[in-house]
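# Structural features, examined
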Amino acid sequence: MKSNTVLCLAMLLVPGAALACDPAGAHGIAFGDKPGREARKQPGSGKATIWYAVTPPQADERFDRYLVRVDAGTGKIFQVDAVKTIIPVERSVGLSAGQREEGVR
């Protein structure tokens with residue numbers, strides 16, 4: 001009986017995980033594509049890989065900055081990072097109370 005329950009749960013979870021993977025890539029940025037013309041090269045890029053700041057087609061309000069890492073040889077995207085900047089409470093003088101509460105969360 002327990003094995004049937006586990007099997008049923010596994011069958012429910014696997015399709016859910018597959019649906020979470022968007023073929024367009026993370027935030028609408030597909031792996032293997034090249035960064036658009038609006039992409040801005042970032043400091044710290046090396047000889048093998050280059051970082052670009054981009055504006056994704058499917059931005060998520062939880063993040064305020066998006067970076068892609070590109071292979072320098074092919075120019076193709078192989079990493080997508082979404083970043084949320086958090087300001088420490090000591091440096092949050094100009095923020096509203098609501099913004100401070102959100103930062104604490």
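These remarks concern the structure in this document. All of these numbers come straight from a predicted model, not from anything done at the bench. (Residues numbered from 1 in each chain as written. Predicted model: local features only at pLDDT ≥ 70, side-chain atom pairs only at ≥ 80, totals over all residues. Heavy atoms only, no water.)

## Observations regarding the packing of aromatic side chains
Quick reminder of the rule: Only rings of Phe, Tyr and Trp enter the pairing, Trp through its six-membered ring, and a pair is recorded when the two centres are within 6.5 Å. The plane angle decides the type: under 30 degrees is stacked, over 60 is edge-to-face, the rest tilted.
The tally for this structure, following the rule as stated, stands at one aromatic pair. Taking the centre distance of 6.4 Å and the plane angle of 70 degrees together, the rings of Phe 63 and Tyr 66 count as edge-to-face.

## Notes on the sheet that holds strand 1 (residues 40–41)
Rule in force here: Two strands pair under a simple rule: DSSP has to find at least two bridges between them. Put simply, DSSP marks the helices as runs of H or I at least four residues long and the strands as runs of E at least two long, and each gets a number from the N terminus on.
Strand order in the open sheet formed by four strands is 1-2-3-4, with antiparallel pairing between adjacent strands. Two strands in the sheet have a free side with no partner beyond their single neighbour: strand 1 and strand 4 (77–83). The pairing of strand 2 (residues 49–54) with strand 3 (residues 65–71) spans six bridges and is antiparallel. For Val 54, the partnering residue across the bridge sits in strand 3 and is Tyr 66.

## So, the side chain of Asp 60
Formally: Polar contact is defined as a pair of N or O atoms within 3.5 Å, subject to the rule that within protein one atom must be able to donate a hydrogen and the other to accept it, and that residues adjacent in sequence are counted only when both atoms are side-chain atoms. For this analysis, residues touch if any pair of their heavy atoms sits within 4.5 Å.
In this fold, Asp 60 is placed in the loop between strand 2 and strand 3. At 2.6 Å, the side chain of Asp 60 and the side chain of Arg 62 are in polar contact. With sequence-adjacent residues up to four places away left out, Asp 60 is seen in contact with His 27 and Tyr 66.

## What about the environment of Lys 34?
Condition: Here the term buried applies to any residue with accessible area under 20% of the maximum for its type, exposed to any over 50%, and partly exposed to those in between, with areas from a 1.4 Å probe on protein chains only.
Within the secondary structure, Lys 34 sits in the loop between helix 1 (2–20) and strand 1. Judged by relative accessible area, which is 55%, Lys 34 ranks as exposed. Each C-alpha atom, one on Lys 34 and one on Val 70, is 7.7 Å from the other, the two residues being 36 residues apart in sequence. Ignoring sequence-local partners within four residues, the contact set of Lys 34 consists of Thr 74, Gly 75 and Ile 77.

## Points about the nonpolar core
In globular proteins that are soluble, nonpolar side chains generally tend to be buried together. The criterion, for reference: For this analysis, a nonpolar core means a set of buried residues of the types Ala, Val, Leu, Ile, Met, Phe, Trp, Tyr and Cys, connected via side-chain atoms within 4.5 Å.
The biggest cluster of nonpolar side chains holds 10 residues, and these are Ile 29, Ala 39, Ile 50, Tyr 52, Val 54, Tyr 66, Val 68, Val 70, Ile 77 and Val 80. Of all the elements in the fold, those that place two or more residues in this core are strand 2, strand 3 and strand 4. The residues touching Ile 29, leaving out its near neighbours within four places in the chain, are Ala 24, Val 54, Pro 56, Pro 57, Val 68, Ile 77 and Val 80.

## Side note on the environment of Ile 50
Structurally, Ile 50 can be placed in strand 2. Judged by relative accessible area, which is 15%, Ile 50 ranks as buried. Look past the residues within four positions of Ile 50 in its chain and what remains in contact with it is Lys 41, Ser 45, Val 68, Arg 69, Val 70 and Ala 72.

## Concerning the pattern of salt bridges
So the rule is basically this: Whenever a carboxyl oxygen of Asp or Glu lies within 4 Å of a side-chain nitrogen of Lys or Arg, that contact is scored as a salt bridge.
Using the criterion set out here, one finds one salt bridge in the structure. One salt bridge in this structure joins Asp 60 and Arg 62, with 2.6 Å as the shortest N-O distance. Judged by its relative accessible area of 17%, Asp 60 falls in the buried class. The exposure class of Arg 62 is exposed, given its relative accessible area of 55%.

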